[in-house]
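Understanding the architecture of this molecule
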Amino acid sequence: MKSGIKNRMKKIQSTCNYCALDCNLDFYVENNRVVKTVPTRGYPVNDGFCCIKGISLSRQQTTVKPCALPRIRQADGSLKEVSWEEAFTHVAERLKALQAEYGTESVAGISTGQLTLEEFAIFGHVMRNYLKTNVDGNTRLCMATAVVAHKQSYGFDAPGYTLQDLEESDTIIFIGANPVVAHPILWGRVRQNQVPGHKVIVIDPRESETAMNADYWYGLNWRSDLLLLYTVANLLIEKDYLDHAFIENHTEKFEEFRTFVSDYTLERGIKGTGLSGEQILELTELIHNGKKVSFWWTMGVNQGYEAVRTAQAIINLALMTGNIGKPGTGANSITGQCNAMGSRLFSNTAVLYGGGDFTNPARRSRVASVLGVDESFLAEKPTKTYNQIIEGINAGEIKGLWILCTNPRHSWANNETFAEAAKKLELFVVQDIYGTIESAEDCTVYFPVVPGLKKEGTYINLERRLSAMRQVLARGEHEISDYEAVLGVGRALGMGDALKGWETPQDCFRLMRECSRGMPCDFTGVTWEGLENSHGVQWPYPEGKEEQLRDDQRRLYTEGVFFTPSGKARFMFEAVRENPYPRSEEFPFVFNTGRGSVGQWHTQSRTKEVKFIEDVSLKKPYLYMNTEVAQENGIHENDWVRVFSVNGRDALFTVKLTDHVRREELYAPIHYIECNRLTPSCYDPYSKEPDYKGAVVRFEKCQEEPYVSNKN
């Protein structure tokens, strides 16, 4: 036997950085190679389970072999590999030069929901504080609606639930959500529900995979959610199915709401939703008869032209029936990406670090004190929104863009507008694991950064749980993280002492922890070291209250106290608006979009690395069409159609036949670039979230199979 043991296998607990569940995984590492990945037993979110994406995480983030050094576009169009210091200096000088020539807001940034809390924070510090420019994230594409709904109704962006509520609810209502495919671990919690006689209800135009597994499915007309919710609210009031004590003691504006919804009669609901009177009355009775009713919504609600008011109509139902703050209840937004919550609170984009308005003197003073800067150093207003940034580029007002960990050429609504924008930029920095994403095709600078297995930081999941990402694999020569790339540019900009205390992600965590002090999201009782090998910690978790907040599952609003000045939740409402893109004779079909399969993720840049996911995923864009409609148009399985959108674009898809979509609906998975070629440039007026489900289209059968690139 050899003396001594080298490279003994070690176990490292870390966080999956795909969806908003933030499952924890144990990585067994030997010789700097992951030899086994096991879902962490006892972790409150996933307790020994995870989906195919999580279990294959090491394959997705180690098979890629990107260059470790950055590249800069040359005059002849080629990309030249340079040192990191040269790249940092180049980007810093170009940012300053553009601002000097075109103005402070002539450069901008776009981030994601997949970075760590610390990476969001430092990017916001460099771009928003120091450069005084705009940074939005693709959190705008999925969760902005829920954020605005929470802030207006509750006084803070604070979803109150814990995942345990799925197991304790006797009436679980999913609205515009398909967790069987999009959040399978969350759906696993539904399946673990042991409440006798519990019911699962789905409200969705499409008979989704979740609807197929539900006790009740209400297949309402496209974009009639708000009308249905107001109709049900009116019926609950008429039948006096209300929690009067909760309404009186813990809410505001109910009498105004009562008067408002009286116009939303059952007859109006029947006409507009396409549901029968019996179905609407049945849904009303199910809500009333439930003792612990929980409402859950996600992208089907958030991505709409009147999305904020729809989300708040769900909140209103929970408030008026007292289904909030108690086990198994709540109006609960299901987040999309792994750290959208971290982005919402700590990216310095829509609110100052830890929440709070940019104009609030107390918050400005507190954050400036923590960061060790003068208050004038801090950003002074919320960022321009994602659509305003892209529109600003196309209008010639923004000349430089830096994107992190996102692929807007593929994922942005009406994505040809981003393709046009990219070509107009004088500086276009793409920072990503992959130089092969569509957005990198026109970049002037490419920053290759390491995947999650090679970095550390903090994530906050959909139920407010902080968890630790810890480095699993050692880095190769020249490899750096997103955090270090932003820090490098900040130093090259000459930020000097303004970066004191930002040297490492751990240092940044301490700063953000202090910024949270006294806020609803206070996590001053959490330490960097304490998160390691832990069960995670749900905020709030203020220093000094650790003992009384030790439970793994904690919900907000248990005392009926909210974050508004009065401490009461607000009923928020507004008349149903006319659809800006209704079906018409020219465009008679709805173009609905969503997840394709459990294994596929967003633009597939990551999941395409996993062979057994790639093997079962279609390589070419496809859509689902109602069987009868296909027969009427002489279309068979796998035929090609050209789809023409109201936005003036068209795209090719193969056809899959199904009886699970309505006659007037086409359903296309989001994982192919053709999908968002057709979605319109239309946004909710309050959240500015795109109306991804809002296109209307027509189609023509292709007489012969067209050539379609396998690149998607």
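This text follows the structure it describes.
In short, a report on the structure.

Conventions we followed
- Residues numbered from 1 in each chain as written.
- Predicted model: local features only at pLDDT ≥ 70, side-chain atom pairs only at ≥ 80, totals over all residues.
- Heavy atoms only, no water.
- Helix = DSSP H or I, 4+ residues; strand = E, 2+ residues; numbered from the N terminus.
- Expected span 1.5 Å × (residues − 1).
- Buried < 20%, exposed > 50% of the residue type's maximum accessible area, 1.4 Å probe, protein only.
- Contact = heavy atoms within 4.5 Å.
- Patch = residues over 30% accessible without salt bridge, like charges linked within 9 Å, V, L, I, M, F, W, Y side chains within 5 Å.
- Areas by Shrake-Rupley, 256 points an atom, 1.4 Å probe, with all protein chains shown as cover.
- Salt bridge = Lys/Arg side-chain N within 4 Å of Asp/Glu carboxyl O.
- Pairing = 2+ DSSP bridges.
- Axes fitted to C-alpha atoms, helices over the stretch in contact; angles between N-to-C directions.
- Parallel < 35°, antiparallel > 145°, perpendicular 65-115°, else oblique.
- Left-handed = near helix turned anticlockwise from the far one by under 90°.

What to know about helix α14 (residues 277-289)
Relative to the 18 Å expected for 13 residues at 1.5 Å per residue, α14 spans 18 Å between its end C-alpha atoms, a close match to the ideal helical length. When α14 is considered as a whole, its buried residues turn out to be Gly277, Ile280, Leu283, Thr284, Leu286 and Ile287. Those residues of α14 that are buried are in contact with β8 (171-175), β9 (199-203), β10 (216-218), α10 (225-238), α13 (266-273) and β12 (293-297).

Comments concerning a nonpolar patch on the surface
On the surface, Ile52, Ile55 and Phe612 cluster together to form a nonpolar patch covering roughly 210 Å² of accessible area. Structurally, Phe612 can be placed in helix α25 (residues 611-614).

Remarks on the sheet that holds strand β7 (residues 134-137)
The strand order across the open sheet formed by seven strands is β5-β4-β16-β15-β14-β6-β7, and the pairing between neighbours is mixed. With partners counted over all chains shown, the strands left at the sheet margins are β5 (79-81) and β7, one partner each. Ignoring which end each strand starts from, the neighbouring axes of this sheet average 15° apart. Here five bridges tie strand β14 (residues 400-404) to strand β15 (residues 427-432), and the two strands are oriented parallel to one another. Bridge pairing links Ile403 to Val430 in β15. Contacts from helix α4 (residues 117-130) reach β6 (107-111), β7 and β14, with the element oriented near 170° to β6.

Observations concerning the side chain of Ser333
You can see Ser333 is positioned in strand β13 (residues 330-333). Overall, the relative accessible area of 1% leaves Ser333 in the buried class. Setting aside residues up to four positions removed in sequence, Ser333 forms contacts with Met143, Ala146, His150, Pro159, Tyr161 and Trp297.

With respect to the pairing of strand β2 (residues 24-30)
Burial analysis of β2 places five of its seven residues in the buried class, which makes it a mostly covered element. Bridging between strand β1 (residues 10-15) and β2 involves six bridges; their strand directions are antiparallel. Its bridge partner lying in β2, Gln13 is registered against Asp26. With six bridges connecting them, β2 and strand β3 (residues 33-39) associate as antiparallel partners. Residue Glu30 lies in a different strand from β3, and its bridge partner there is Arg33. From the end of β2 to the start of β3, which pair antiparallel, there are two residues, and Asn31 there has a positive phi angle of about 55°.

Considerations on the pattern of salt bridges
Following the criterion strictly, the structure yields 33 salt bridges and no others. In this structure, the salt-bridge partner of Asp442 is Lys423, at a minimum N-O distance of 3.3 Å. Of the two residues, Asp442 is situated in the loop between β15 and β16 (445-448) and Lys423 in helix α21 (residues 416-424); the sequence distance between them amounts to 19 residues. Exposure remark for Lys423: the relative accessible area of 60% places this residue in the exposed category. A salt bridge links Arg642 to Asp650; the shortest N-O distance between them is 2.8 Å. With relative accessibility at 29%, the residue Arg642 sits in the partly exposed group. On the accessibility criterion, Asp650 (23% relative accessible area) is partly exposed. Where salt bridges share partners, they join Arg366, Glu514, Arg517 and Glu543 into one cluster.

So, the packing of helix α18 (residues 361-371) against helix α23 (residues 505-515)
At a minimum axis separation of 9 Å, α18 and α23 run at an interaxial angle of 155°. One element, α18, and the other, α23, form an angle in the roughly antiparallel class. In the packing of α18 onto α23, the handedness of the crossing is right-handed. Only Leu511, Met512, Glu514 and Cys515 of α23 make contact with α18, whose side of the interface consists of Arg363, Arg366, Val367, Val370 and Leu371.

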